[in-house]
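# Fold and geometry: a report
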Amino acid sequence: MSSTKQYWVYHERQEALLCGQHALNNLVQQNAFSTGSLAEIAHQLDAMELNYMAQNNEGGVNSKDYLKRAAEGSGNVDESGNFSIEVLRSALKSRYNLDLPNIRQQGVGDKMEITEIDGFICNRASHWFAIRKINDRFWNLNSTKERPEIISHFKLAAEMEALQAAGYSVFCVLDKLPPPCSCEAMMDQGLPQYWWKEEDLTKGKSNAMTRATDPWKDVGSGRRLDGKRPASGGSTGMDVSGLSEEDMLQMAMAASLEQSTTPVNSSRSYELTEEPAEGAPGAVKMQFRLPDGTRAVRRFLDSDRVGVVYAFVSDKCPGKSIELRAGFPPKDIGSQKESTIAEAKLAGEMIHGRFD
């Protein structure tokens, strides 16, 4: 860590229920995602879900379940601007080629200390916020807070455990997040009122300087003839695959519509186990859009078989065979019934169901 390099911390504040947008921008330390761009992803995902539900043997787009789901409106963004985890994952994947797994998934961070992880996004109910490592310090960038707050390396693990015990789902980006701001040119990637001078924050100054109040902010920066700032030489955040966001989403939609070749229903029956208590060892939370169009949230043990997940959905929607999909793009999980939830990496996932 250089003692001469000055770092700035980007911390967008809460507007309406746009905490998902702020959490993403605070995570990447840029004003990278707009409400419009996230809403477009949400609507694309809604279209994928509807196309998936239309593939049924009970009338297709005229089936009762399809019409009920269509009448509900978006399942990935509500009228207040609260986005789903699928939207956040898709946004990070399409722009930065970054994954956002649940920290409790098997294999996530198994070979590294929690302090080696670059960043986290935490969610409970409709609130999202980011924790990000900047200049080897972790910062709580909750958009409801007045300013960024330091979380020491010593307390980070305990903080994560406390959040999960309180009902939060914690997702993470292991590495390769965009670099933090350490020069003048990089500051054009964010809104000036949200940049905080790291030195002032670490010293606990009550009048810590933001970019908007920095008296030296324009000295030596130069201007173009059209009045705009010179282009930044920093990372552009472009998709490394060279594909546009629309191309990525179209590919995902096509993949989600592929007909499964895996038999969904096996002869073995699975018993629905008792739901573990909140915060119980090994307890993981999963969200469901059930085949009848309703939503549900339930806890399982990560040692439960995926077949138990099928038992839960069958209990909620009895009398018909079902198909379940998870991930982005959604993939049939019928072949994983004998795997544990941990092995299938389903902790914290949204499970989409339909009648087969």
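Not measured: the values here are computed from a predicted model.

On a plain count of helices and strands, the protein chain comes out with 8 helices and 12 strands. Burial analysis of the protein chain (356 residues in total) assigns 51% to the buried set. For the protein chain, the exposed area adds up to about 16,800 Å²; of that, 50% sits on carbon and sulfur atoms.

Looking now at the nonpolar core. Core analysis: the biggest nonpolar cluster contains 29 residues, and Leu 24, Phe 33, Phe 83, Leu 92, Leu 100, Ile 121 and Trp 128 have the highest contact counts within it. At the level of secondary structure, the elements contributing two or more residues to this core comprise α1 (19-28), α2 (35-54), α4 (85-96), β3 (127-134) and β6 (169-173). Beyond its immediate chain neighbours, meaning those up to four positions away, Leu 24 contacts Phe 33, Leu 38, Leu 88, Ala 91, Leu 92 and Ile 121. Formed by 23 residues, the second largest nonpolar core is a distinct cluster that contains Phe 288, Ala 296, Val 306 and Ala 326.

Attention now goes to the packing of α1 against α4. Closest axis-to-axis distance for the α1/α4 pair is 11 Å, and the angle between their directions is 35°. Considering the relative orientation of α1 and α4, their crossing is right-handed. Along its contact with α1, which presents Gly 20, Leu 24, Leu 27 and Val 28, the element α4 presents Leu 88, Ala 91, Leu 92 and Tyr 96. Classifying every residue of the contact of α1 with α4 by side-chain character gives 7 nonpolar, 1 polar and no charged.

Moving on: the pairing of strand β8 (residues 283-289). Counting buried positions over the 7 residues of β8 gives 5, a clear majority of the element. With 7 bridges connecting them, β8 and strand β9 (residues 295-301) associate as antiparallel partners. The residue bridging Lys 285 from the neighbouring strand is Arg 299, located in β9. The loop that links β8 with its antiparallel partner β9 comprises 5 residues; one of these, Gly 293, has a positive phi angle of about 95°. Where β8 meets strand β12 (residues 350-355), 3 bridges bridge the pair, whose relative direction is parallel. Opposite Arg 289, over in β12, you have His 352 as the bridge partner.

Moving on, we get to the packing of aromatic side chains. One pass over the structure, following the stated rule, counts 9 aromatic pairs. For the ring pair Trp 128 and Phe 171, a centre distance of 6.4 Å and an interplane angle of 35° mean the geometry is tilted. Highlighted residues: Trp 128 in strand β3 and Phe 171 in strand β6, separated in sequence by 43 residues. Across from the ring centre of Phe 33, 6.0 Å away, lies the NZ or CZ of Arg 95, which sits over that ring.

Relative to strand β4 (residues 137-140), β3 is paired through 4 bridges, and the arrangement is antiparallel. By the bridge assignment for β4, Ile 134 is matched with Arg 137.

Following the sequence through the fold, Thr 340 ends up in the loop between β11 (331-332) and β12. Those residues within four positions of Thr 340 in sequence are excluded, and the remaining contacts are Asp 302, Ser 303, Asp 304, Arg 305 and Val 306.

All right, on to the packing of α2 against α4 then. One can describe the packing of α2 onto α4 by two numbers: an axis separation of 9 Å at closest approach and a directional angle of 115°. When the interaxial angle is binned, α2 and α4 end up roughly perpendicular. With respect to the hand of their crossing, α2 and α4 are arranged in right-handed fashion. Taken together, the residues of α4 that come into contact with α2 (itself represented by Leu 38, Ile 41, Ala 42 and Leu 45) are Glu 86, Val 87, Ser 90 and Ala 91.

Moving on: the pattern of salt bridges. A full pass over the atoms with the stated rule returns 10 salt bridges. Of the charged contacts, one joins Lys 205 and Asp 200 as a salt bridge, the two residues approaching to 3.5 Å between their closest N and O atoms. Through salt bridges with shared partners, one network takes in Glu 275, Glu 278 and Arg 299.

On to the sheet that holds strand β2 (residues 119-124). Either a parallel or an antiparallel arrangement is found when strands of a sheet pair, and the pairing is made through backbone hydrogen bonds. Spatial strand order, β5-β4-β3-β2-β6: 5 strands in an open sheet with antiparallel pairing. With partners counted over all chains shown, the strands left at the sheet margins are β5 (149-151) and β6, one partner each. Sheet twist, expressed as the average angle between the axes of neighbouring strands with direction ignored, equals 25°. Bridge count for β2 against β6 is 5 bridges, and the pairing is antiparallel. Bridge assignment links Asn 123 to a residue of β6, and that residue is Ser 169.

Cut-off values and rules
- Residues numbered from 1 in each chain as written.
- Predicted model: local features only at pLDDT ≥ 70, side-chain atom pairs only at ≥ 80, totals over all residues.
- Heavy atoms only, no water.
- Helix = DSSP H or I, 4+ residues; strand = E, 2+ residues; numbered from the N terminus.
- Buried < 20%, exposed > 50% of the residue type's maximum accessible area, 1.4 Å probe, protein only.
- Areas by Shrake-Rupley, 256 points an atom, 1.4 Å probe, with all protein chains shown as cover.
- Core = buried A, V, L, I, M, F, W, Y, C linked by side-chain atoms within 4.5 Å.
- Contact = heavy atoms within 4.5 Å.
- Axes fitted to C-alpha atoms, helices over the stretch in contact; angles between N-to-C directions.
- Left-handed = near helix turned anticlockwise from the far one by under 90°.
- Nonpolar A, V, L, I, M, F, W, Y, C, P; charged D, E, K, R; others polar.
- Pairing = 2+ DSSP bridges.
- Phe/Tyr/Trp six-rings, centres within 6.5 Å; stacked < 30°, edge-to-face > 60°.
- Lys NZ or Arg CZ within 6 Å of the ring centre and 35° of its normal.
- Parallel < 35°, antiparallel > 145°, perpendicular 65-115°, else oblique.
- Salt bridge = Lys/Arg side-chain N within 4 Å of Asp/Glu carboxyl O.

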